[in-house]
Amino acid sequence: MKIKQCAALLMAATMAAVSLVGCGGSDAAAGSGATAASGDTIVVDFWTAPQQVQYNLWESRAQAFNATGTQVNGKTVTVKVQQMPETPSSEAGIQNAIATGTAPAVSENVNRGFAATLAASDVVYDLSSEDWFNDVVESRAMGETMDAWAIDGKQYVLPLYVNPMVWQWNMKGLQALGYDKAPETVAEFTEVMKAFAANKDALAEVGVTHSFYRPSLTRPDQYWDRWFDFMMIYNGVSGGKSIVEGNKLTMDRDAAIQAMEVIGTFGNTIQQGELSSIWLEEQPSVLVSINAPWEISLYRENNVVYGEDYVYGPALVNNAGDKPYNYADSKGLAFYKADNISEEEHLGAVEFVKWVYNAENSAQSDLEWLEATTMLPVRGDLNTNETFTAIMEEYPELADLAQWVPYSIPGLATDKDADIWTAFTETCTGPYMNDVMQAEAGNAPDASSYVDAAMEAMKTAGGLE
């Protein structure tokens, strides 16, 4: 089997200039108001992410659903699929569609932060009290996961996929240091980094020259990388504590300091220059990076073998046995409220999603998703449901990632996400790296003053208490 990879809501009139015509594989343009009820038919517009593989997958599902002849109020539901616009961003395309009366009834590609923006403008449905939604949560064993998706106690997104962001270790580098598995606790990690500093010659024999690859740590314009590095580490060492709740900054100061000092432990051995395809080199030059599960197919195509060349390690925890909470690179479906979407069209969209993820179809639907994209479905039974047994045996890298899905926490539930993490980078990771790059690996500089400055800056940037 070959797997292929795959600010409040802007209602300003200027957004109308964003063209939605011609995107995706559907004949109907996004701006054409394709969602409509006519005669005995209800036409439901479904937008996919701007990737061909996802369009193909959802188009096949829509065709199968349409063949069922499902009805709402005596009218037959027909789902039309098209890709959402990619420029200037998919979020901007959705915002523009709502503002101009061309919104789809439902789309994928919505993360928690964007959902908070949409919810603040009351343009998406709260699903938490819907029986069908709770049935889907049960059929996919998503109970523990959904707590992390709540926004003010409500659920606006049906999560579809999750990439648990954890560590990607150079297995031959670890073995050169005398380790046969990735570290799991902060203490084990610190031990590995001290061994790194003391065994440069042994590492050189396997091509390792740097400890960590992360060129974005000083880049405020790449604020989103704080989700993958800082949040991943913070979630593990804090035991899954929140960072923002409502209008309050709830970030645990001690855990934030500890997370920064995990980064600081890499010292002056961090590779900050931009490199391409670092894991495709015959001898990767770094000991560890943040994992990129969407590159699994690329690794396999280039004979990079999981367990021999690289291995995933969990987010670090303080004590063995603690839950390894990590950052969830995760998106899902949202149902839109807009003047151009009738109640029948909304109900038709619900019928479609119910059919895809009902108890009978959900496992097969998620298997097809996994086969097509390499991105793990948001399920709590990936390693126990026999539907996934064959693929997990064929792809042990996915099986390892799947064990951390229940502990994956999505991004902040705020429309100020970009502002908050930009401020964090400007006041914390950026200046802290000046100290880090002067320190020997294994000896992290004190991060307390930087975290204190960051917490004040985050409050200001996010309008938080």
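Refer to the structure presented above.
Residues numbered from 1 in each chain as written. Predicted model: local features only at pLDDT ≥ 70, side-chain atom pairs only at ≥ 80, totals over all residues. Heavy atoms only, no water.

### Observations regarding the overall build of the protein chain
Counting its secondary structure elements, the protein chain contains 17 helices and 16 strands. Rg of the C-alpha trace for the protein chain: 23 Å, near the compact-globule value of 23 Å for 465 residues, within the 12% margin. Projected onto its principal axes, the C-alpha positions of the protein chain cover 75 × 50 × 40 Å. Summed over its atoms, the accessible surface of the protein chain is roughly 17700 Å², and 45% of this surface lies on carbon and sulfur atoms. Here the protein chain contributes 26 positively and 63 negatively charged side chains, and the mean placements of these two sets differ by 2 Å. (Helix = DSSP H or I, 4+ residues; strand = E, 2+ residues; numbered from the N terminus. Rg over C-alpha atoms; globule rule 2.2 N^0.38 Å. Areas by Shrake-Rupley, 256 points an atom, 1.4 Å probe, with all protein chains shown as cover. Lys, Arg positive; Asp, Glu negative; His and termini not counted. Charge placed at Lys NZ, Arg CZ, Asp CG, Glu CD.)

### Some remarks on helix α13 (residues 362-373)
Its 12 residues give α13 an end-to-end C-alpha distance of 16 Å, which sits within 8% of 16 Å, the value for a rise of 1.5 Å per residue. Taken from the residues just after α13, Thr374 is the one with a positive phi, measuring 70 degrees. (Expected span 1.5 Å × (residues − 1).)

### Some points on a negative patch on the surface
Taken together, the side chains of Glu130, Asp131, Asp135 and Glu138 define an acidic patch exposed on the protein surface. Here Asp135 is to be found in helix α4 (residues 131-139). (Patch = residues over 30% accessible without salt bridge, like charges linked within 9 Å, V, L, I, M, F, W, Y side chains within 5 Å. Salt bridge = Lys/Arg side-chain N within 4 Å of Asp/Glu carboxyl O.)

### So, the nonpolar core
Among soluble globular proteins, nonpolar side chains are generally buried collectively. By size, the foremost hydrophobic cluster in this structure holds 148 residues, and its most contacted members are Trp58, Trp167, Trp169, Phe230, Ile243, Met251 and Met392. Per element, the largest residue contribution to this core is 8 residues, and it comes from helix α9 (residues 225-238). Beyond its immediate stretch of four places on either side in the chain, Trp58 contacts Phe46, Thr48, Val81, Glu108, Leu160, Leu333, Phe352, Val356, Tyr357 and Trp369. (Core = buried A, V, L, I, M, F, W, Y, C linked by side-chain atoms within 4.5 Å. Buried < 20%, exposed > 50% of the residue type's maximum accessible area, 1.4 Å probe, protein only. Contact = heavy atoms within 4.5 Å.)

### A short note on the packing of aromatic side chains
Taken as a whole and judged by the stated rule, the model has 30 aromatic pairs. In this structure, Arg61 is placed above the aromatic ring of Trp58, and the distance from its NZ or CZ to the ring centre is 4.6 Å. In this structure, Lys337 is placed above the aromatic ring of Tyr125, and the distance from its NZ or CZ to the ring centre is 5.4 Å. (Phe/Tyr/Trp six-rings, centres within 6.5 Å; stacked < 30°, edge-to-face > 60°. Lys NZ or Arg CZ within 6 Å of the ring centre and 35° of its normal.)

### Let's talk about the environment of Glu371
Along the polypeptide, Glu371 turns up in helix α13. Placed 20 residues apart in sequence, Glu371 and Ile391 show a C-alpha to C-alpha distance of 8.1 Å.

### Observations regarding the side chain of Ser330
With respect to the helices and strands, the residue Ser330 is situated in strand β14 (residues 326-335). Assessed through its relative accessible area of 4%, Ser330 is described here as buried. A polar side-chain atom of Ser330 sits 2.5 Å from the main-chain carbonyl oxygen of Tyr161. Not counting residues up to four positions away in its chain, the partners in contact with Ser330 are Asn111, Trp149, Pro159, Tyr161, Val162 and Val378. (Polar contact = N/O pair within 3.5 Å; in protein donor to acceptor, adjacent residues only side chain to side chain.)

### Quick look at the packing of helix α10 (residues 253-264) against helix α17 (residues 448-462)
Packing of α10 against α17 brings their axes to within 9 Å, and their N-to-C directions diverge by 125 degrees. With respect to their mutual orientation, α10 and α17 come out oblique. In terms of crossing hand, the pair formed by α10 and α17 is right-handed. Residues Arg253, Ala256, Ile257 and Met260 of α10 lie in contact with α17, whose contacting residues are Ser448, Val451, Asp452 and Met455. Considered class by class, the residues forming the contact of α10 with α17 number 5 nonpolar, 1 polar and 2 charged. (Axes fitted to C-alpha atoms, helices over the stretch in contact; angles between N-to-C directions. Parallel < 35°, antiparallel > 145°, perpendicular 65-115°, else oblique. Left-handed = near helix turned anticlockwise from the far one by under 90°. Nonpolar A, V, L, I, M, F, W, Y, C, P; charged D, E, K, R; others polar.)

### A look at the pairing of strand β8 (residues 210-213)
Sheet topology note: the β8/strand β12 (residues 286-290) ladder contains 2 bridges and is parallel. The residue of β12 that forms the bridge with Phe212 is Val288. Sheet topology places β8 next to strand β11 (residues 270-271); 2 bridges connect them, and they run parallel. Looking across to β11, one finds that Tyr213 is bridged to Gln271. (Pairing = 2+ DSSP bridges.)

### Here's the deal with the pairing of β14
The element β14 is largely enclosed, with a buried count of 10 among its 10 residues. Where strand β5 (residues 106-110) meets β14, 3 bridges bridge the pair, whose relative direction is antiparallel. Note on β14: the bridge partner recorded for Ser107 is Ala334. Pairing analysis gives 7 bridges linking strand β6 (residues 158-165) to β14, with the strands arranged antiparallel. Paired with Pro164 across the strands is Ala328, a residue of β14. The pairing of β14 with strand β16 (residues 408-409) spans 2 bridges and is classified as parallel.

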